[in-house]
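Letter by letter, the chains look like this.
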Amino acid sequence: AHQVKIVKRTEGWQGTLELQAFQVPNGQFQPPPALPSRKLLCIGDSITAGSGTDVKDLVDTRKDSYTSNGRLSYAYRLADRLDAQVHLIAFGGRGLIRDWQGKTDTGTAPQYYERTLATNTNYQWDQSRYQPDAISICLGTNDFNPGIIPPNEYSEAYASFVRKLHQDHPKAKIFLLGSPMFGQGDLRDSLNEAIDLTIQKVEELEGLTITKVDVGYYPGRPNVDSHPVSSEHRRIATELEPVFRQVLGW
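Residues numbered from 1 in each chain as written. Predicted model: local features only at pLDDT ≥ 70, side-chain atom pairs only at ≥ 80, totals over all residues. Heavy atoms only, no water.

The next point concerns the environment of Tyr154. Looking at where Tyr154 falls in the secondary structure, it is placed in helix 4 (residues 151-168). On the accessibility criterion, Tyr154 (0% relative accessible area) is buried. In the structure, Tyr154 is positioned 127 residues away from Gly27 in sequence and 56 Å away in space, judged by C-alpha atoms. Here Tyr154 is in contact with Leu96, Ile97, Leu139, Gly140, Asp143, Phe144, Ile149, Leu191 and Ala194, once residues within four sequence places are set aside. At 3.5 Å, the side chain of Tyr154 forms a polar contact with the backbone nitrogen of Gly140. At 2.7 Å, the side chain of Tyr154 and the side chain of Asp143 are in polar contact. (Helix = DSSP H or I, 4+ residues; strand = E, 2+ residues; numbered from the N terminus. Buried < 20%, exposed > 50% of the residue type's maximum accessible area, 1.4 Å probe, protein only. Contact = heavy atoms within 4.5 Å. Polar contact = N/O pair within 3.5 Å; in protein donor to acceptor, adjacent residues only side chain to side chain.)

Printed below as a string of structure tokens:
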């Protein structure tokens, strides 16, 4: 007997996977094992998607789809540790209100959150099909890349997105993560301030439990790619696990 698990390794914009058929000429299909009852939804950018994770060592010079592996992301590892299903809604280079170049018309998180396929606007995802117990959001790295956005302005957009998520998933507890690509300095400080303000602005939402997690700094491959590598994603999951367990009672 064999179990087959299919995971799209690369990001949604790096090709579309189409499963057409399985054939077992000399065997028979058995009922699939039950999925975990716990469910996570992890929203983010290339970090959450696992970009830059799949490398041999810190001097490996490969980039892009060669090193992208969602199975090695902190989100996938966290779900594994918590015995939970997980959906990754992540798009490299995009942010909450703009992309890494400062463009606001390329599709932001509130937009691709609604889609079944990341780059296809024709198929809107039915949010009722997957109701998570917890939602983590790791955004800000790309928004702040072209320059610091005033925290009050950024928190307005963030609070609006949180309200939408709470409307779609009223039972889910929400976790707002800092950027693991920001070291000590103005970028980290400004994003943290924006997250604090966001939490203040959504405190009125009935039934909402929201938690901030100031994730540590993980430099990736210096002088090659600043995305965290696989071992660093494992450490991020280690940071997150006790927080999720405490808040969720798992």
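Here the structure, examined in full by the defined rule, presents ten salt bridges. In this structure, the salt-bridge partner of Asp168 is Lys164, at a minimum N-O distance of 3.3 Å. Pair noted here: Asp168 and Lys164 are both in helix 4, with a separation of four residues, about one helical turn. Judged by its relative accessible area of 26%, Lys164 is partly exposed. (Salt bridge = Lys/Arg side-chain N within 4 Å of Asp/Glu carboxyl O.)

This part takes up the packing of aromatic side chains. How two aromatic rings sit relative to each other is set out by the distance from centre to centre and by the angle between their planes. The final tally for this structure, using the stated rule, is five aromatic pairs. Ring centres of Tyr154 and Tyr158 lie 5.9 Å apart, and the angle between their planes is 75 degrees; this geometry places the pair in the edge-to-face category. Of this pair, Tyr154 and Tyr158 both sit in helix 4, four residues apart, which is roughly one turn of the helix. We classify Tyr158 as buried; its relative accessible area is 0%. The rings of Phe144, Tyr154 and Tyr158 are connected pair by pair, giving a single aromatic cluster. Over the aromatic face of Phe91 sits the side chain of Arg94, whose NZ or CZ is 3.9 Å from the ring centroid. (Phe/Tyr/Trp six-rings, centres within 6.5 Å; stacked < 30°, edge-to-face > 60°. Lys NZ or Arg CZ within 6 Å of the ring centre and 35° of its normal.)

Moving on, we come to the nonpolar core. Ile137, Tyr154, Val162, Ile174 and Leu176 are the most contacted members of the largest nonpolar core, which has 33 residues in total. Among the elements that take part in this core, helix 4 stands out by supplying six residues, more than any other. When residues no more than four places from it in sequence are discounted, the contact partners of Ile174 are Ile135, Ile137, Val162, Leu165, Leu208, Thr209, Ile210 and Thr211. Membership of the second largest hydrophobic core comes to 23 residues, among which are Tyr76, Leu82, Ile236 and Leu248. (Core = buried A, V, L, I, M, F, W, Y, C linked by side-chain atoms within 4.5 Å.)

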